[in-house]
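Understanding the architecture of this molecule
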Amino acid sequence: MITVRSTAAALAAAVLLGTGAAGAATAAPSPSATAGTLPPGLYGTKDPTYDGVWRQSLAFLAQRGTGYQPADQAVDWLLGQQCEDGSFAAYRPEPGTPCDAKTMRDTNATALAVQALAAVRRQSADAEKVDKAVETGTGWLRSVQNKDGGWGYGEGGASDANSTSIVIGALAATGVKPGSYTSAEGRTPYDALLTFALPCSDKDGAGAFAYQPDKSGKLLANDDATAAATLAGLGKSVVATKASPDQPTSCADLSKPTVERAALNGASHLAKALAATGHLALPPMPGATDTTERPDFGNTADAVVALAAAGAAKEAKPALEWLEKNSADWAKEGGPAAYAQLILAARATETDPREFGTTDLVEQLNASGPTPKTPDTSTAGSAADGDDSGFDVWWIVGIGTVVGVGIGFLVSGRKK
């Protein structure tokens, strides 16, 4: 679904598209942290300036997916990153200092942190404090919802498919039906999501989603946005599990578009994009002299989750096998967020993350931060299979059964 995001990446995308993060661009990111001064409780060893909250939250979600409970110290670190109004920045090096107008509040970090905290609250040392953090985080997200029903990366920024999709996951995580979450003009997050969907008649990106319209208003297919929006359109998030029964992917334009049909069209696009090589590709940066496409490990993992959630585990299998053979170096370099993405892809396809190619993903993730609490062996296995014995209720609550899409599609329970 979702790759590791950073403020820098989001702002760069906005600049290239000529749209978007106007609100975010008014503030500078927090001062950088050096590896030697990283705070205790944080996962990873690299500078967390642009992804501290994101990677911490992904690590929590992957640990809960394998039956582990993050250490109290790790949970305390994430709680300490929250601003008084409920929002999160990408990283705050001085959490004791109150957030002010210069703090770059981040909808993506806030949404993922809300999801992660909702997942760990049952077994946390201070469940009441965690509940309060989830409540205030969700409240802040509602306060910055755009009139079109969606969200941008930063407060006041134009809505984009990725940010809107991440927030939809956060709403599902806290038991809120995204379709009931209306803006001041009565628009829902799904209304916004549909504005980024390309029709099946589009010759270059049939069924895909765009991140945002370009300067001319044209929608351009974006695989990252498509994976995120496919999950969101199904009422799911990055902890989605395999849907049953399996369904062949297809793209169909309805006379009256629905978000469920758009999500299935997105799955069709992802299946086609993966078919040739088994992985997605990173396009060259604008102006780069080296135009060689490189494998996109993170978005390939996200696409695997999206396809499995859409009942297309068969189409996802070659990509998962490619990741098993080729992702070890990427994961080692990427750290906790990368290991977490691979764990979630494995879990979505009922693959053992402890035997992922030559790597024990769970061991590597757990070693990247404070030692988590040992899982309860009486419930860990069943939790990994998707019931709520090791998770909070939100892990198995979605929008419900997807109906009205013309193929009898049934959605299984799912995640973060």
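1. Observations regarding the overall build of the protein
- Secondary structure summary: the protein contains 16 helices and 2 strands in total.
- Going through the 416 residues of the protein one by one, you find that 56% of them count as buried.
- Put simply, 66% of the contacts in the protein that link residues at least 6 apart link residues at least 24 apart.
- Of the roughly 16500 Å² that the protein leaves accessible, carbon and sulfur atoms contribute 53%.

2. Here's the deal with the packing of aromatic side chains
- The tally for this structure, following the rule as stated, stands at 5 aromatic pairs.
- Measuring from ring centre to ring centre gives 5.0 Å for Phe297 and Trp322, while their planes differ by 25°; the resulting arrangement is stacked. Linking Phe297 in helix H11 (residues 297-309) with Trp322 in helix H12 (residues 313-326), this pair joins segments that are 25 residues apart in sequence.
- Considering the side-chain rings of Phe297 and Trp330, the 5.6 Å spacing of their centres and the 15° angle between planes classify their relative orientation as stacked. Here the residue Phe297 occupies a position in helix H11, and Trp330 occupies one in helix H13 (residues 328-334), the gap between them amounting to 33 residues.
- Its relative accessible area of 16% is what places Phe297 among the buried residues.
- When the ring centre of Tyr181 is taken as origin, the NZ or CZ atom of Arg142, which lies over that ring, is 4.2 Å away.

3. What to know about the nonpolar core
- Phe60, Leu78, Leu117, Leu307 and Leu323 are the most contacted members of the largest nonpolar core, which totals 84 residues.
- Residue contacts for Phe60: discarding those within four places in its chain leaves Tyr43, Pro70, Ala74, Val75, Leu78, Ala116 and Val120.
- Grouped together as the second largest cluster of nonpolar side chains are 12 residues, Phe196, Phe209, Ala232 and Val259 included.

4. With respect to the packing of helix H3 (residues 52-65) against helix H14 (residues 336-348)
- As a packed pair, H3 and H14 sit with axes 8 Å apart at the nearest point and diverge in direction by 35°. In the crossing of H3 with H14, the sense of the turn from one axis to the other is left-handed. Counting all contacts with H3, which are made through Arg55, Leu58, Ala59, Leu61, Ala62 and Gly65, the residues of H14 involved are Pro336, Ala337, Ala340, Gln341, Ile343, Leu344 and Arg347.
- Across the contact of H3 with H14, the residue classes break down as 9 nonpolar, 2 polar and 2 charged.

5. A closer look at the confidence of the model for the protein
- Considering every residue of the protein, the mean pLDDT works out to 84; 81% of them sit at 70 or more.
- The model gives residues 1-30 a pLDDT under 50, and that stretch makes 82 contacts with residues more than four places away or in other chains.
- A low-confidence stretch, residues 378-416 stays under pLDDT 50, and its non-local contacts, those more than four residues away or across chains, total 114 contacts.

6. Examining the state of the cysteines
- Applying the stated criterion across every chain yields a total of 2 disulfides.
- With its sulfur 2.0 Å from that of its partner, Cys83 forms a disulfide with Cys99. Taking the sign of the S-S torsion, -80° for the link of Cys83 and Cys99, the bridge is left-handed. Separated by 16 residues along the polypeptide, Cys83 in the loop between helix H4 (72-80) and helix H5 (107-120) and Cys99 in the loop between H4 and H5 bring together distant segments of the chain.

7. Comments concerning the environment of Ser124
- Topologically, Ser124 is positioned in the loop between H5 and helix H6 (127-143).
- Of the residues examined, Ser124 reaches a relative accessible area of 12% and is grouped as buried.
- Sequence-wise, Ser124 and Ala71 are 53 residues apart; in three dimensions their C-alpha atoms are separated by 8.5 Å.
- In this structure, Ser124 is in contact with Gln69 and Val130, ignoring residues within four places of it in sequence.
- One polar contact links the side chain of Ser124 to the main-chain amide nitrogen of Ala127, over a distance of 3.4 Å.

8. Some remarks on the packing of H4 against H5
- Contact geometry of H4 with H5 gives a least axis separation of 11 Å together with a crossing angle of 145°. The two elements H4 and H5 cross, and the hand of that crossing is left-handed. Listed contacts from H5 to Val75, Leu78 and Leu79 of H4 are Ala113, Ala116, Leu117 and Val120.

9. Remarks on the environment of Glu355
- Relative to the helices and strands, Glu355 resides in the loop between H14 and helix H15 (361-366).
- Judged by its relative accessible area of 58%, Glu355 is exposed.
- Sequence separation between Glu355 and Glu324 is 31 residues, and the spatial gap between their C-alpha atoms is 9.0 Å.

10. Quick look at the pattern of salt bridges
- Under the criterion given, the structure shown has 7 salt bridges.
- Glu333 is paired through a salt bridge with Lys46; the nearest N and O atoms lie 2.5 Å apart. Pair noted here: Glu333 is in helix H13 and Lys46 is in the loop between helix H2 (22-25) and H3, with a separation of 287 residues, a long-range link.
- The class of Lys46 is partly exposed, set by a relative accessible area of 41%.

Basis of the calculations
Residues numbered from 1 in each chain as written. Predicted model: local features only at pLDDT ≥ 70, side-chain atom pairs only at ≥ 80, totals over all residues. Heavy atoms only, no water. Helix = DSSP H or I, 4+ residues; strand = E, 2+ residues; numbered from the N terminus. Buried < 20%, exposed > 50% of the residue type's maximum accessible area, 1.4 Å probe, protein only. Contact = heavy atoms within 4.5 Å. Areas by Shrake-Rupley, 256 points an atom, 1.4 Å probe, with all protein chains shown as cover. Phe/Tyr/Trp six-rings, centres within 6.5 Å; stacked < 30°, edge-to-face > 60°. Lys NZ or Arg CZ within 6 Å of the ring centre and 35° of its normal. Core = buried A, V, L, I, M, F, W, Y, C linked by side-chain atoms within 4.5 Å. Axes fitted to C-alpha atoms, helices over the stretch in contact; angles between N-to-C directions. Left-handed = near helix turned anticlockwise from the far one by under 90°. Nonpolar A, V, L, I, M, F, W, Y, C, P; charged D, E, K, R; others polar. pLDDT = per-residue confidence, 0-100. Disulfide = S-S within 2.5 Å. Polar contact = N/O pair within 3.5 Å; in protein donor to acceptor, adjacent residues only side chain to side chain. Salt bridge = Lys/Arg side-chain N within 4 Å of Asp/Glu carboxyl O.

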